[in-house]
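# What the coordinates show
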Amino acid sequence: EAQLAAGDLEAARKSFGALVSLLPGRPWPRYQLARIAAREGKAEEARAHLLDAIRLDPGFEPARRALREIEALRLGAAGRGS
């Protein structure tokens, strides 16, 4: 998380990607990958990571909350014709 907080998104992506491999049943690394993708403006990639996290743990509220935020942004953009 320090890499993410420092803005080193590439290093953070590598670290959390490794954690996905080490902890395949845990939603947290996928949630962190979603945060990285969102910071890069990659909403669809972020959404996919969030859906994976929720599939692993339907009660993982940080991912559910982030997914609601992304969906709201998508709906807002669609309503504006973007």
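Residues numbered from 1 in each chain as written. Predicted model: local features only at pLDDT ≥ 70, side-chain atom pairs only at ≥ 80, totals over all residues. Heavy atoms only, no water.

## Quick word on the overall build of the protein chain
Per the secondary structure count, the protein chain includes five helices and zero strands. The linear arrangement of helices and strands in the protein chain, starting from the amino end, is α-α-α-α-α. A compact globule built from 82 residues would reach a C-alpha radius of gyration of about 12 Å, and the protein chain, at 13 Å, matches this within 12%. Each of the three principal axes of the protein chain carries a C-alpha extent, and together these read 40 × 30 × 15 Å. In the protein chain, which comprises 82 residues, the proportion classed as buried is 29%. When the accessible surface of the protein chain is split by element, carbon and sulfur atoms take 56% of a total near 5000 Å². Averaging the coordinates of the 14 positive side-chain charges in the protein chain and doing the same for the 11 negative ones gives two points 2 Å apart. (Helix = DSSP H or I, 4+ residues; strand = E, 2+ residues; numbered from the N terminus. Rg over C-alpha atoms; globule rule 2.2 N^0.38 Å. Buried < 20%, exposed > 50% of the residue type's maximum accessible area, 1.4 Å probe, protein only. Areas by Shrake-Rupley, 256 points an atom, 1.4 Å probe, with all protein chains shown as cover. Lys, Arg positive; Asp, Glu negative; His and termini not counted. Charge placed at Lys NZ, Arg CZ, Asp CG, Glu CD.)

## Examining the confidence of the model for the protein chain
Residues of the protein chain with pLDDT of at least 70 account for 95%, and the chain-wide mean is 91. Between the elements of the protein chain, mean pLDDT differs from a low of 78, seen in helix 1 (residues 2-5), to a high of 97, seen in helix 4 (residues 43-56). (pLDDT = per-residue confidence, 0-100.)

## Regarding the environment of Ala37
Assignment of secondary structure puts Ala37 in helix 3 (residues 28-39). For the pair Ala37 and Ala5, spaced 32 residues apart in the sequence, the C-alpha separation amounts to 14 Å. Setting aside residues up to four positions removed in sequence, Ala37 forms contacts with Lys42, Glu45 and Ala46. (Contact = heavy atoms within 4.5 Å.)

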